[in-house]
Amino acid sequence: MDPSTRLLVDVEEIRHLIVRMARVTDHGDVSEYADLIAVDASWQMPGSDVVRGRDNVMASARERRAGGLTGPGANTRHVVSMVSVSVEGDRASAQSSWQYFGQTTTSPTLLAIGSYADAFVRTSNGWRFSERIATAG
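Each value, and the rule that gives it
Residues numbered from 1 in each chain as written. Predicted model: local features only at pLDDT ≥ 70, side-chain atom pairs only at ≥ 80, totals over all residues. Heavy atoms only, no water. Helix = DSSP H or I, 4+ residues; strand = E, 2+ residues; numbered from the N terminus. Rg over C-alpha atoms; globule rule 2.2 N^0.38 Å. Buried < 20%, exposed > 50% of the residue type's maximum accessible area, 1.4 Å probe, protein only. Contact = heavy atoms within 4.5 Å. Lys, Arg positive; Asp, Glu negative; His and termini not counted. Charge placed at Lys NZ, Arg CZ, Asp CG, Glu CD. Expected span 1.5 Å × (residues − 1). Arc of directions from axis to C-beta. Pairing = 2+ DSSP bridges. Axes fitted to C-alpha atoms, helices over the stretch in contact; angles between N-to-C directions. Salt bridge = Lys/Arg side-chain N within 4 Å of Asp/Glu carboxyl O.

Outline the overall build of the protein chain, supporting the account with residue identities and numerical values.
Scanning the protein chain from N- to C-terminus turns up 2 helices and 6 strands. Its C-alpha atoms give the protein chain a radius of gyration of 15 Å, within 12% of the compact-globule value 14 Å for 137 residues. Each principal axis of the C-alpha distribution contributes one length, and for the protein chain these read about 50 × 30 × 25 Å. For the protein chain, the residues scored as buried account for 39% of the 137 residues in total. A separation threshold of at least 6 residues defines the contact pool for the protein chain, and within that pool the share at least 24 residues apart is 48%. Charge separation in the protein chain, taken as the distance between the mean sites of 14 positive and 16 negative side-chain charges, equals 3 Å.

Next comes the structure, spelled out in structure tokens:
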């Protein structure tokens, strides 16, 4: 594949990964996170400490779900937009904006907005998140 085509494919795969993460967060099973995140990933949600390692990221997601903040039955939705991706070899980064809605089955309400600063690594199974820093505001 020529370099220009490879870049376009990489950017599209990374954008798809960002969208897939939002869908898994809202509707998927926590075990699906494992297919999206590098083993040594770091994750930071607004107002939280940095979480390191895929297993710890998944545990953090389980806690948010147990608290009714996300996941099936929480009636929440993450909307991601304005995604800008930069690829350099087997590493990439992306900046995007997010909106977090609650009460999506009755009267959707915007609960928070913010930005994602993401980093990615190319693995033998495709691109994976290596870092996410989510900020509110």
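Residue-level account of helix H2 (residues 54-66), with values.
With 13 residues, H2 should reach 18 Å at 1.5 Å per residue; the first-to-last C-alpha distance of 18 Å fits that figure. Where H2 is concerned, the buried positions are Val 57, Met 58, Ser 60, Ala 61, Arg 64 and Arg 65. The buried residues of H2 occupy an angular sector of 155 degrees when projected down its axis, which confines them to one face. Those residues of H2 that are exposed and angled more than 90 degrees off the buried face are Asp 55, Glu 63 and Ala 66. The elements touched by buried residues of H2 are helix H1 (3-27), strand E1 (37-44) and strand E2 (51-52). Within two residues after H2, Gly 68 carries a phi angle of roughly 75 degrees, on the positive side.

Before we move on, could you go through the sheet that holds strand E3 (residues 77-88) and cite the residues and values that matter?
As a general point, the strands of a sheet are linked pairwise by backbone hydrogen bonds and lie either parallel or antiparallel. Pairing is mixed across the open sheet formed by 6 strands, whose spatial order is E2-E1-E6-E5-E4-E3. One side of each edge strand has no neighbouring strand; the edge strands of this open sheet are E2 and E3. With 12 bridges connecting them, strand E4 (residues 91-102) and strand E5 (residues 109-123) associate as antiparallel partners. The residue of E5 that forms the bridge with Ser 96 is Tyr 116. Helix-sheet contacts for H1 involve E1, E3, E4, E5 and strand E6 (126-136), and the interaxial angle to E3 is about 155 degrees. Its contacts with the sheet place H2 against E1 and E2, and it is angled at close to 50 degrees to E1.

Tell me about the pattern of salt bridges, and name the residues and values.
By the definition in use, this model includes 6 salt bridges. Here Arg 122 and Asp 90 are joined by a salt bridge, their closest N and O atoms 2.7 Å apart. A residue pair is termed long-range when its members are at least 10 positions apart, and Arg 122 in strand E5 and Asp 90 in the loop between E3 and E4 qualify at 32 residues. For Arg 122, a relative accessible area of 26% corresponds to the partly exposed category. One network of salt bridges, in which partners are shared, links Arg 6, Asp 10, Asp 90 and Arg 122.

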